[in-house]
Amino acid sequence: MPLTFKFTGGAGSFLGMQILAFLVTVLTLGICYPWAVVMRYRWQANHTFVNGAPMRFTGSAIGLFGQWIKWLLLMIVTLGIYSFWVIPRMTRWVVEHQEVVIQVPVAPFPPA
């Protein structure tokens, strides 16, 4: 059975989320970038449906923060060379924190 995807996001909500994510990142000099990542992927998942079932992003900024600090320091020390390792690791983290919410219908109680 083929999967069907539907996306319902619009330009207005995307723009607002991107501006907020940008400000969080710039005003903290990149330290709070995990919050921007979570905002973006949560917005995307909240507007995506697979076979009519909603997607959900389960990652948290706190869960990514420790890894991000380590990656940020390694990118600084290696003058950006470590970013070649960060991008696949970040992608893996994002993919592993997405799920499709399958809603199983509950049969009503039979009459007594």
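These lines cover the structure that appears in this document, whether it is placed above or below. (Residues numbered from 1 in each chain as written. Predicted model: local features only at pLDDT ≥ 70, side-chain atom pairs only at ≥ 80, totals over all residues. Heavy atoms only, no water.)

The next subject is the overall build of the protein. A tally of regular secondary structure across the protein gives four helices and four strands. Each helix and strand of the protein, placed in order from N terminus to C terminus, yields the pattern β-α-α-β-β-α-α-β. Its C-alpha atoms give the protein a radius of gyration of 18 Å, more than 25% over the compact-globule value 13 Å for 112 residues. With the C-alpha coordinates aligned to their principal axes, the bounding extent of the protein is approximately 70 × 30 × 30 Å. (Helix = DSSP H or I, 4+ residues; strand = E, 2+ residues; numbered from the N terminus. Rg over C-alpha atoms; globule rule 2.2 N^0.38 Å.)

Take Thr25: it is sitting in helix 1 (residues 11-27). In this structure Thr25 comes out as buried when scored by relative accessible area, which is 19%. With near-sequence residues (within four places) excluded, Thr25 lies in contact with Gly30, Tyr33 and Ala36. (Buried < 20%, exposed > 50% of the residue type's maximum accessible area, 1.4 Å probe, protein only. Contact = heavy atoms within 4.5 Å.)

Turning our eyes to something else, we now look at the nonpolar core. A general tendency of soluble globular proteins is for nonpolar side chains to be buried together. In terms of nonpolar packing, the biggest core is built from 17 residues, with Trp68, Trp71 and Trp93 touching the most fellow members. For this core, the elements supplying multiple residues, two or more each, are helix 2 (33-46), strand 3 (53-57), helix 3 (61-77) and helix 4 (83-96). When residues in this core are grouped by element, the largest group, six residues, is from helix 3. Those residues in contact with Trp71 that sit more than four places away from it in its chain are Leu64, Tyr82, Val86, Arg89 and Met90. (Core = buried A, V, L, I, M, F, W, Y, C linked by side-chain atoms within 4.5 Å.)

What follows covers the packing of aromatic side chains. For any pair of aromatic rings, geometry is given as the distance between the ring centres together with the angle between the planes. For the coordinates displayed, the defined rule picks out seven aromatic pairs. On the basis of an interplanar angle of 70 degrees and a centroid distance of 5.6 Å, the ring pair of Phe7 and Trp43 is categorised as edge-to-face. With Phe7 in strand 1 (residues 5-7) and Trp43 in helix 2, this residue pair connects regions lying 36 residues apart in the sequence. Phe7 sits in the partly exposed class, given a relative accessible area of 45%. One aromatic cluster is present, built from ring pairs that chain together Phe7, Phe14 and Trp43. (Phe/Tyr/Trp six-rings, centres within 6.5 Å; stacked < 30°, edge-to-face > 60°.)

Turning our attention to the pattern of salt bridges. Following the criterion strictly, the structure yields one salt bridge and no others. The closest approach of N and O atoms between Glu99 and Arg56, which form a salt bridge, is 2.6 Å. Of this pair, Glu99 sits in strand 4 (residues 98-100) while Arg56 sits in strand 3, and the two are 43 residues apart along the sequence. Look at Glu99 and you get partly exposed, because its relative accessible area is 32%. (Salt bridge = Lys/Arg side-chain N within 4 Å of Asp/Glu carboxyl O.)

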